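Spelled out, the chains give:
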Amino acid sequence: MTNVDWDAEAASFDEEPDHGLRDPEVRRAWAGRLRDWLPGRAGDVLDLGCGTGSLSLLASEQGHRVTGVDLSPAMVARAREKLAGRDAVFLVGDAAAPPVGEQRFDAVLVRHVLWALPDPARALRHWRGLLRPGGRLVLVEGVWGNIEPVGIPAGRLTALLAPMAGRVRVQRLSDDPLLWGGPVTDERYAVVAVTGGSGQEGREAVAAGQ
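Residues numbered from 1 in each chain as written. Predicted model: local features only at pLDDT ≥ 70, side-chain atom pairs only at ≥ 80, totals over all residues. Heavy atoms only, no water.

Engineer: Describe the overall build of the chain, listing the residues and the values that go with them.
Structural biologist: Looking only at helices and strands, the chain features seven helices and eight strands. Relative to the compact-globule value of 17 Å for 210 residues, the chain shows a C-alpha radius of gyration of 16 Å, a close match. Structurally, the chain occupies a C-alpha span of about 45 × 45 × 30 Å along its principal axes. In the chain, the proportion of contacts linking residues at least 24 apart, taken out of those at least 6 apart, comes to 66%. Of the roughly 9,900 Å² of accessible surface on the chain, a fraction of 49% belongs to carbon and sulfur atoms. Here the chain contributes 24 positive and 28 negative side-chain charges, whose respective centroids are spaced 7 Å apart. (Helix = DSSP H or I, 4+ residues; strand = E, 2+ residues; numbered from the N terminus. Rg over C-alpha atoms; globule rule 2.2 N^0.38 Å. Contact = heavy atoms within 4.5 Å. Areas by Shrake-Rupley, 256 points an atom, 1.4 Å probe, with all protein chains shown as cover. Lys, Arg positive; Asp, Glu negative; His and termini not counted. Charge placed at Lys NZ, Arg CZ, Asp CG, Glu CD.)

Put into structure tokens, the structure is as follows:
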């Protein structure tokens with residue numbers, strides 16, 4: 001992972017528009033995307049690198065049972081406060097190998113985490129193993145910065161997913177300023193990979209996301 005003290009960042013983390021989702025329009029934009037990406041019926045969602053739980057809260061409001069995992073105890077504490085009284089559990093642990101035992105999920109939701117892991121392919125295989133048949137990986141990623149860009153391009157991510165997913169759908173997110181609290185110029189996208197489908201159903205790697 002990157003050398004960031006996430007415990008120290010926890011107090012101000014929600015000040016970023018797409019972190020805290022405090023602006024009603026930003027919140028509605030993310031809620032609409034999650035409604036499209038997550039299963040239509042209530043299910044079990046694993047939110048990895050959950051931060052302060054903003055996406056976990058949206059998933060919970062849409063009827064899902066949420067398990068959140070973050071390496072930072074301070075982030076987890078804030079997530080527990082944010083979702084107090086809801087059907088949600090938050091654990092301190094490594095997103096690449098979450099401490100969920102034999103539990104399986106209908107969706108694994110990961111935003112801006114995969115790019116920072118030392119072995120993305122291994123993490124994806126592990127997350128795939130945490131899904132029930134027909135489950136889905138929902139991965140929000142991108143490439144940030146001009147001089148020394150960091151991140152993972154959509155083309156690379158879809159290539160990593162090809163051996164393990166039946167259908168892979170890419171959505172470009174860069175041109176939706178409501179998600180970010182304003183216009184952005186870098187590459188931001190979401191990949192929804194559904195397991196258990198046939199090869200003909202998919203491999204829908206949409207070029208717009210690359």
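There's plenty left to go through after this.
Engineer: Describe the packing of aromatic side chains, with residues and values.
Structural biologist: All chains considered together, the criterion is met by four aromatic pairs. Geometrically, the ring pair formed by Trp30 and Trp37 is edge-to-face, given 6.3 Å between the ring centres and 75° between the ring planes. Its relative accessible area of 0% is what places Trp30 among the buried residues. Ring pairing ties together the aromatic residues Trp30, Trp37 and Trp180, which thus form one cluster. It is Arg111 that lies over the ring of Trp30; its NZ or CZ is 4.7 Å from the centre. Positioned over the ring face of Trp180 is Arg188, at 4.5 Å from the centre of the ring. (Phe/Tyr/Trp six-rings, centres within 6.5 Å; stacked < 30°, edge-to-face > 60°. Buried < 20%, exposed > 50% of the residue type's maximum accessible area, 1.4 Å probe, protein only. Lys NZ or Arg CZ within 6 Å of the ring centre and 35° of its normal.)

Engineer: Report on the environment of Leu114, specifying residues and quantitative values.
Structural biologist: As for its placement among the helices and strands, Leu114 is situated in the loop between strand E4 (105–111) and helix H6 (120–129). Sequence separation between Leu114 and Ile152 is 38 residues; the distance between their C-alpha atoms is 8.0 Å.

Engineer: Quick one: what's the story with the packing of helix H3 (residues 24–37) against helix H4 (residues 54–61), residue by residue and with numbers?
Structural biologist: Running from N to C, H3 and H4 point in directions that differ by 60°, and their axes come no closer than 10 Å. When the axis of H3 is compared with that of H4, the two are oblique. By crossing handedness, the relation of H3 to H4 is classed as right-handed. Of H4, the residues touching H3 (which contributes Arg27, Trp30, Ala31 and Leu34) are Leu55, Leu57, Leu58, Ala59 and Glu61. The class makeup of the residues in the contact of H3 with H4 is seven nonpolar, no polar and two charged. (Axes fitted to C-alpha atoms, helices over the stretch in contact; angles between N-to-C directions. Parallel < 35°, antiparallel > 145°, perpendicular 65-115°, else oblique. Left-handed = near helix turned anticlockwise from the far one by under 90°. Nonpolar A, V, L, I, M, F, W, Y, C, P; charged D, E, K, R; others polar.)

Engineer: If you had to explain H6 to someone new, which residues and values would you point to?
Structural biologist: By the burial criterion, the buried members of H6 are Pro120, Ala121, Ala123, Leu124 and Trp127. Projected down its long axis, H6 carries its buried residues within an arc of 160°, all on one side. Looking at the packing, one finds that the buried side of H6 touches strand E1 (44–48), E4, strand E5 (131–144) and helix H7 (154–161). (Arc of directions from axis to C-beta.)

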